[in-house]
Amino acid sequence: MALCLQDYTWSDSKSFTRFLKQRLKKEKKRSMLIVLEKIACYLPENLIVEILSRLSVKDLLQFKSVCKSWYDIISSPIFVSKHLNNYYNNNDDWRGCLLAQFFDTPNELQLYQLLVDETPRVLGYEILYNVPLYPCYVCGPCDGLYYVYSYGYDPPRRALWNPAIHELKTLPEIIGKPDLPAGFTYSLYEVYGLGFDPVSGDYKVVIMKGYWNDNDDGDDDDLKHPLSVLVYSLRTNSWRYCGDLAKAYELERNRCYIYVKGCCYWFGSFEDSSEVIVSFNMANDSFKEIDVPEYAQPSSNCLAVYDDSLVFLSLRETDKIFDIWTWSEEGCWTKKFTMGPFAHVSRPIGHWKGNRLVLQVGGKLLLYDPDTHKTEDLGFKISMHCQGVYAYMESLVSIKDKDEAGQQPKESSITKQSS
């Protein structure tokens, strides 16, 4: 794994035993790879490709140096696409790591790497000070790629990051709305999303930023302007202004990766306090407004993914009952589960593998399985406010330059499974 834990904390002997078993399994696998290397010259190429496509990124990076033919195989866009499908559909090891964001102080955002075993339980954790831009918000993964946004610079810095192959691509500075009136300034606060355009085979970042009049006298009405929409294309390595949203929405940053079937989603509200969900279609750069379900208020809410569909999570503040609503392709909400009460849960955070949902209890993180109604404590406790939880995912997708970006695979069937 490219993100390596340097220190381990063990809660009990069972955790250490599970860790040893995992290490022995990996050593056995590595021994098999050595044998494969020795007999590779006797195998047909299509069989070699099939075997290689089921190995980890770390192994493949090492195997690039075996011979020129293997280097050409592993470097080809066709193999990158095949590896995305085969490795992640047949290997659960990649799912054993979470990236969690917490505010250490009101102004410092820290990114934690949590090593999670199959129980699940956190075996060890590390603060990632070596993130390419620090401090930063992280969004992803989309085929192993992450969008990194750092607010600690003037102007703010943005990048695409593939930690598995140690690649970072700093994005060009945003020029913004071409006809922004004189005396108006963009807000530092922004919401964003990362996704894959299945039509053009392009990875895109979408950003929405508000702006205000520097000479405003304090009247709230003068402060509310529709958010400007800017879209970055990896293929062209450029930003494009896509106009303003139809209304002056107040959107929230997602606390997990919300990308479903070619669309990113954000939860927010309008000036009359009515709530709304806004979606962005990566293929045609279009927005759509979605009404929220009729849920009990007051509640703590967030968006997540369940069964490859958008879901609305609602935790009632009065009785701590948890409701899960699913969004259908027909355009309607259906209440799928009502569970609880969860006496000490403060809010839902998002989702993880196996349709499990991430909940926050003070400084602790819980996993809840709606199918089995089982709640599991990850065993990670910290006295800070959680800003987001993301899966760690490895891939061979390169982001070096626009020429290589133009050779990215045309399909992305793994994206929906990435969290």
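Residues numbered from 1 in each chain as written. Predicted model: local features only at pLDDT ≥ 70, side-chain atom pairs only at ≥ 80, totals over all residues. Heavy atoms only, no water.

Remarks on the overall build of the protein
Along the protein, the regular secondary structure elements total seven helices and 25 strands. Burial analysis of the protein (419 residues in total) assigns 54% to the buried set. Contacts in the protein between residues far apart in sequence, at least 24 positions, make up 55% of those at least 6 positions apart. Accessible surface computed for the protein: about 19200 Å², of which carbon and sulfur atoms make up 50%. (Helix = DSSP H or I, 4+ residues; strand = E, 2+ residues; numbered from the N terminus. Buried < 20%, exposed > 50% of the residue type's maximum accessible area, 1.4 Å probe, protein only. Contact = heavy atoms within 4.5 Å. Areas by Shrake-Rupley, 256 points an atom, 1.4 Å probe, with all protein chains shown as cover.)

Points about the side chain of Arg253
Locating Arg253 in the fold gives a position in the loop between β12 (250-251) and β13 (259-260). No salt bridge is formed by the buried Arg253, whose closest oppositely charged neighbour, Glu190, lies at an N-O distance of 6.7 Å. Among the polar contacts listed, one links the side chain of Arg253 to the backbone oxygen of Glu190, at a separation of 3.0 Å. (Lys, Arg positive; Asp, Glu negative; His and termini not counted. Salt bridge = Lys/Arg side-chain N within 4 Å of Asp/Glu carboxyl O. Polar contact = N/O pair within 3.5 Å; in protein donor to acceptor, adjacent residues only side chain to side chain.)

A few points about the confidence of the model for the protein
One rule of thumb: low pLDDT means the predicted coordinates there are not for detailed reading. For the protein, per-residue confidence averages 82 on the pLDDT scale, and 79% of positions sit at 70 or higher. Taken element by element, the predicted model of the protein shows its lowest mean pLDDT in helix α7 (residues 402-405) (45) and its highest in strand β18 (residues 309-316) (95). Predicted confidence for residues 5-11 stays below pLDDT 50, and this span has 18 contacts to residues more than four positions away or in other chains. Confidence over residues 402-419 falls short of pLDDT 50; this stretch has 55 contacts with residues more than four positions distant or in other chains. (pLDDT = per-residue confidence, 0-100.)

Observations regarding the sheet that holds strand β11 (residues 238-244)
The strand order across the open sheet formed by four strands is β8-β9-β10-β11, and the pairing between neighbours is antiparallel. Each of the sheet's edge strands pairs with one partner strand only, and the pair in question is β8 (184-197) and β11. Between one strand and the next, the sheet's axes are offset by a mean angle of 25 degrees, whatever the strand orientation. (Pairing = 2+ DSSP bridges. Axes fitted to C-alpha atoms, helices over the stretch in contact; angles between N-to-C directions.)

Thoughts on the packing of aromatic side chains
By the definition in use, this model includes 24 aromatic pairs. Their ring planes at 45 degrees and their centres at 6.2 Å tell us that Tyr112 and Tyr125 sit as a pair that is tilted. Of the two residues, Tyr112 sits in strand β2 (residues 108-116) while Tyr125 sits in strand β3 (residues 122-127), which places them 13 residues apart along the sequence. Overall, Tyr125 belongs to the partly exposed group, its relative accessible area being 37%. For the ring pair Tyr125 and Phe380, a centre distance of 5.2 Å and an interplane angle of 75 degrees mean the geometry is edge-to-face. Remark: Phe380 occurs in strand β24 (residues 374-381) and Tyr125 occurs in strand β3; sequence separation between them is 255 residues. We note Lys247 situated over the ring of Phe270; from NZ or CZ to the ring centre the distance is 5.4 Å. A cation over a ring is seen here: Arg253 above Tyr137, with NZ or CZ 4.2 Å from the ring centre. (Phe/Tyr/Trp six-rings, centres within 6.5 Å; stacked < 30°, edge-to-face > 60°. Lys NZ or Arg CZ within 6 Å of the ring centre and 35° of its normal.)

Considerations on the side chain of His351
Here His351 lies in strand β21 (residues 347-351). Residue classification places His351 among the buried residues on the basis of a relative accessible area of 3%. Of note is the side chain of His351, whose polar atom sits 3.5 Å from the backbone oxygen of Tyr257.

Side note on the nonpolar core
Leu52, Tyr147, Leu160 and Leu251 are the most contacted members of the largest nonpolar core, which has 74 residues in total. Among residues more than four places away in sequence, those in contact with Tyr147 are Tyr137, Val138, Cys139, Arg158, Ala159, Leu160, Leu171, Glu190, Tyr192, Leu194, Val205 and Ile207. Val122, Trp352, Leu367 and Met384 belong to the second-largest nonpolar core, a separate cluster that totals 19 residues. (Core = buried A, V, L, I, M, F, W, Y, C linked by side-chain atoms within 4.5 Å.)

Overview of the sheet that holds strand β19 (residues 322-327)
Strand pairing in a sheet relies on backbone hydrogen bonds. The paired strands run either parallel or antiparallel. The sheet built from four strands is open, its strands ordered β17-β18-β19-β20 with antiparallel pairing. Of all strands in the sheet, those with a lone pairing partner are β17 (299-306) and β20 (333-339), marking the two edges. Across the sheet, the mean angle from the axis of one strand to that of its neighbour is 25 degrees, orientation sign disregarded. In this sheet, β20 lies alongside β19 in antiparallel orientation, the contact comprising six bridges. Its bridge partner being in β20, Asp323 is matched across the sheet by Thr338.

A word on helix α2 (residues 45-52)
The α-helix advances 3.6 residues per turn, and as a result positions three or four apart in sequence lie on the same side. Within α2 the residues assigned to the buried category are Ile48, Val49 and Leu52. Summarising the axial view, the buried residues of α2 lie within an arc of 100 degrees, below the 170-degree limit, and thus occupy one face. (Arc of directions from axis to C-beta.)

Section: the pairing of strand β15 (residues 275-281)
In terms of burial, β15 is largely enclosed, as five of its seven residues are buried. Strand direction decides the pairing type here: strand β14 (residues 263-269) and β15, joined by seven bridges, are antiparallel. Residue pairing for β15: Ser269 is matched across the bridge by Glu275. Alignment of β15 against strand β16 (residues 286-291), held across six bridges, turns out to be antiparallel. Each bridged residue has a counterpart across the sheet, and for Phe280 the counterpart in β16 is Phe287. Counted between consecutive antiparallel strands, the loop separating β15 from β16 contains four residues, among which Asp285 sits at a positive phi close to 55 degrees.

A look at the pairing of β24
Looking at chain direction, strand β23 (residues 364-369) and β24 are connected through five bridges and run antiparallel. From the neighbouring strand, Asp369 faces β24, where its bridge partner is Lys374. Hairpin connection of β23 to β24: four residues between the antiparallel strands, including His373 at a positive phi of 60 degrees.

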